[in-house]
Amino acid sequence: MLLRNRNDLEGGEEGDWKGLESHVGELKGDVKKWEEIFLQAKAGVEFTKVGAERIEEAIRWLCVLSTNAFRITLPDNTRVGLCFSPTLARANHSCTPNAFIVFDSRTVSLRALRPIGKDEQIFISYIDPTEDISLRTSRLKQRYFFTCKCVRCESNENSYQFFLRCRKEGEGGDEDAKRMEVLCLQHDLVKTAERCQAFLTQNPALLSATNSSKTLSLLKQSRETNQPDQQTRLSHLLSAAKSLSPITSNKILALPPYPDIIHEIYLSYIDAQAFTPALITLLFLFINCDVFIYPQPHHPVRVVRLYTIAKLLKHIASLTSTELLQDISSIQTAATASTASTSDLRVKEDIAKTIQGIDLINAFHMVIILAWSEAKKSHGEESAFMQEVEAEIREVEEVQRLRGPAGERLRRWMGDVENLEGTREAERVGGGLRVLAGLMGGILGW
């Protein structure tokens, strides 16, 4: 921006940056951060040779970027850079947003989470709205210098209260969301949320139990960079999940930090190339946590999670019987050494039996259709992500033509959610995946 003619920065989107908050005063209060900004501004001025008199302009630019730029992420939420759009930066924050920013290849877009009325303000979330209120408040104060006053914060809603409110306000989805019934029965989700919320109302101390010192200590140990091996890290994570027995024993699983722990367990299995337990962990996370934390079926986190589940199913379907059994036998569980010989064996036998009872190609076909049905809204019909999903569908349809009528039934279900034969086929697959997800309890040592 320093190299561009100042007149070019007065009009259009680039001229809008001057109306954005710079928070210069607040940033000066953070000595370390202010020193970094000053050094970056000085380096920018020296590199561009625009003259020392423009250092104040460079500092303001960097301050604006510090509080208004978006972190660019890959579909799996890996951070890869920054994006600055003065137009998108004008969207205010809410922990109950009605829109979200999505990155797709080299493009960025603002997409609605629910219908937005004329003259209704558009809100996005600047931070992870699924964290507990203390973390959300701290992060917003540290980086954006304000305290959120949205309904979720003012009422200190937990995940189940948030889910039920969204359902009441009609954010449960549309015609395409009916497909999700084959994996997550909507009526059962509401009953589960109501049961969990009733239990939390009667036992409010459980909410504080989610942040026990033991759990936080185990999480810290799992994240230390000097971990000797992946097995040790996974052991800490499994122990952290097990330490939350006050909530897990009552199947109250969507409260932080439990979903984050489960996600880190999944990543550990991926790092260890243990794909069967990775699949079970991700299915468990989707069915027991994601559907409550992200109530809208086309929320990008849910859609990418479905796509990842589909890819895991595709990979496992390509394994030979010997490779699959080796993958299952390598599963590390939370069982103690004294019970490992019996408990681990039983868990692994149950997993092998359940996997063998699922047609993995049909399962991949069904789940990739679920991802396709919502990706149109989460990423856009012309997006690179949507093109990837459609390529996977074309490939599995070719394979299914050689395998019998199941693929044709699923293809018809893709075109017509009301198709009875296709729905029954998808429900058969969905039932098997729910059973598979339920085996996560054995891995976690329930």
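Our structure is the block above this text.
Residues numbered from 1 in each chain as written. Predicted model: local features only at pLDDT ≥ 70, side-chain atom pairs only at ≥ 80, totals over all residues. Heavy atoms only, no water.

Chemist: Sorry if this is basic, but what is going on with the pattern of salt bridges here?
Modeler: In the structure shown here, the tally under the stated rule is 20 salt bridges. The shortest N-O distance in the salt bridge between Asp290 and Arg305 comes to 2.7 Å. Taken together, the residues span a long stretch of sequence, with Asp290 in helix α14 (residues 275-293) and Arg305 in helix α15 (residues 300-317) at a distance of 15 residues. A relative accessible area of 14% means that Arg305 is categorised as buried. The closest approach of N and O atoms between Arg412 and Glu408, which form a salt bridge, is 3.5 Å. Highlighted residues: Arg412 and Glu408, both in helix α20 (residues 405-415), separated by 4 residues, approximately one helical turn. Linked by salt bridges that have partners in common, Lys311, Lys314, Glu392 and Glu395 make up one network. (Salt bridge = Lys/Arg side-chain N within 4 Å of Asp/Glu carboxyl O. Helix = DSSP H or I, 4+ residues; strand = E, 2+ residues; numbered from the N terminus. Buried < 20%, exposed > 50% of the residue type's maximum accessible area, 1.4 Å probe, protein only.)

Chemist: Please clarify how the environment of Asp359 should be interpreted in this entry.
Modeler: Structurally, the position occupied by Asp359 is in the loop between α17 (340-356) and α18 (360-378). Residue Asp359 is classed as partly exposed on the basis of its relative accessible area, which comes to 31%. Linking Asp359 and Val435, residues 76 residues apart in sequence, is a C-alpha distance of 13 Å. Side-chain polar atoms of Asp359 contact the side chain of Arg403, separated by 2.9 Å. (Polar contact = N/O pair within 3.5 Å; in protein donor to acceptor, adjacent residues only side chain to side chain.)

Chemist: Before we go on, may I ask you to explain the environment of Gly415 in this structure?
Modeler: Take Gly415: it is sitting in helix α20. Using a relative accessible area of 69% as the deciding quantity, one classes Gly415 as exposed. The spatial distance from the C-alpha of Gly415 to the C-alpha of Pro297 is 18 Å, given a sequence separation of 118 residues.

Chemist: Could you clarify how one ought to interpret helix α5 (residues 133-144) in this entry?
Modeler: Each full turn of the α-helix corresponds to 3.6 residues, which orients residues three or four apart in the same direction. Look at α5: 16 Å from first C-alpha to last across 12 residues, which is about the 16 Å you get at 1.5 Å a residue. Here α5 has its buried residues at Arg136, Leu140, Arg143 and Tyr144. End-on, the buried residues of α5 take up no more than an arc of 90°, which puts them together on one face. On its buried side, α5 packs onto α4 (55-68), β1 (70-73), β3 (92-93) and α6 (151-154). (Expected span 1.5 Å × (residues − 1). Arc of directions from axis to C-beta. Contact = heavy atoms within 4.5 Å.)

Chemist: Quick question: what am I supposed to make of the state of the cysteines here?
Modeler: Among covalent bonds in proteins, the disulfide is the one between the sulfur atoms of two cysteines. Scanning the entire structure with this criterion turns up 0 disulfides. Of the cysteine sulfurs around Cys83, a residue in no disulfide, the closest is that of Cys63, at 19 Å. Not part of a disulfide, Cys150 finds its nearest cysteine sulfur in Cys148, a span of 3.4 Å. (Disulfide = S-S within 2.5 Å.)

Chemist: Mind showing me how you'd approach the packing of helix α7 (residues 159-168) against helix α8 (residues 186-202) here?
Modeler: Pairs of packed helices are described in terms of their axes, by the angle between the two and the distance that separates them. Look at α7 against α8: their axes get within 9 Å of each other, and the N-to-C directions meet at 135°. As far as their axial angle goes, α8 and α7 are oblique. Seen from above, α7 lies across α8 with left-handed handedness. Residues Tyr160, Gln161, Phe163, Leu164 and Arg167 of α7 form the contact with α8, whose participating residues are Gln186, Leu189, Val190, Ala193, Glu194, Cys196, Gln197 and Leu200. Class assignment for the residues of the contact of α7 with α8 results in 8 nonpolar, 3 polar and 2 charged. (Axes fitted to C-alpha atoms, helices over the stretch in contact; angles between N-to-C directions. Parallel < 35°, antiparallel > 145°, perpendicular 65-115°, else oblique. Left-handed = near helix turned anticlockwise from the far one by under 90°. Nonpolar A, V, L, I, M, F, W, Y, C, P; charged D, E, K, R; others polar.)

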